[in-house]
Amino acid sequence: MKGSSSALRKGRFSEPGRIYLVTFVTCQRKPVFTDLYCGRIVIRSMMFMTDNVETLAYVIMPDHVHWLVELRNGSLAHLIHSLKSFSAKEINKRLGWSGHIWQKGFHDHAIRGEEDLTDIARYIVMNPIRAGLVKNCREYSLWDAVWV
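Once a new chain begins, its residue numbering starts again from 1 and follows that chain's sequence as written. Reporting of local features is limited, given that this is a predicted model, to residues whose pLDDT is at least 70; pairs of side-chain atoms are given and counted only at 80 or more, and all residues count toward the totals for whole chains, interfaces and linings. No hydrogens and no water enter the side-chain calculation; it runs on all heavy atoms of the structure.

Novice: Would you mind going over the packing of aromatic side chains in detail, with residue names and values included?
Specialist: When the centres of two rings from Phe, Tyr and Trp lie within 6.5 Å, Trp using its six-membered ring, the rings pair. Their planes under 30 degrees apart give stacked, over 60 give edge-to-face, and anything left gives tilted. Applying the stated criterion to the full structure yields three aromatic pairs. Ring centres of phenylalanine 33 and tryptophan 102 lie 5.5 Å apart, and the angle between their planes is 35°; on these two criteria the pair is classed as tilted. One end of the pair, phenylalanine 33, is in the loop between strand E1 (19–25) and helix H2 (36–47); the other, tryptophan 102, is in the loop between helix H3 (76–95) and strand E4 (107–110), and 69 residues separate them in sequence. Through a chain of ring-to-ring contacts, three or more aromatic side chains come together here, namely Phe24, Phe33 and Trp102. Looking at lysine 30, its charged tip hangs above the ring of tryptophan 97, at a distance of 4.7 Å from the centre. Any Lys NZ or Arg CZ found within 6 Å of a ring centre and within 35 degrees of that ring's normal is scored as a charge over the ring. Positioned over the ring face of tyrosine 123 is arginine 130, at 4.0 Å from the centre of the ring. By the criteria applied, helices consist of DSSP H or I runs no shorter than four residues and strands consist of E runs no shorter than two, each listed in order from the N terminus.

Below, the structure is given as structure tokens:
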């Protein structure tokens, strides 16, 4: 369906002070982040956003990112656009590529008060184990959580 990503976002807004679980994927699910340095570029991009968000947890999987953040100001859409734009330029430079790194859009889930943030963070950082990439999260270097 043409424009489905923007249609899904229509009428949605992001609220400063709210915590969100955001997921976004690489273009055509290309496993860009099997290159550790490319994963570090995304992490560095996230850390550059500290005026707008507080990062609570994240994992960079080979072809997608899960990011648990508390929005401080601005919109989630603008934040994700900025992160994707900056990281894509740096990744393209690193790999000698041109073109899209990221699939358009993102998925977000506003965390409700009754949801346990540590359980959500645990779910995020366990992704590499569930995907069979490692047996222990200590073996995977592209994750972090404020509770660890």
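Novice: Quick one: what's the story with the environment of aspartate 51, residue by residue and with numbers?
Specialist: Following the sequence through the fold, aspartate 51 ends up in the loop between H2 and strand E2 (53–60). Each C-alpha atom of the pair aspartate 51 and asparagine 73 lies 7.7 Å from the other, and the pair is 22 residues apart in sequence.

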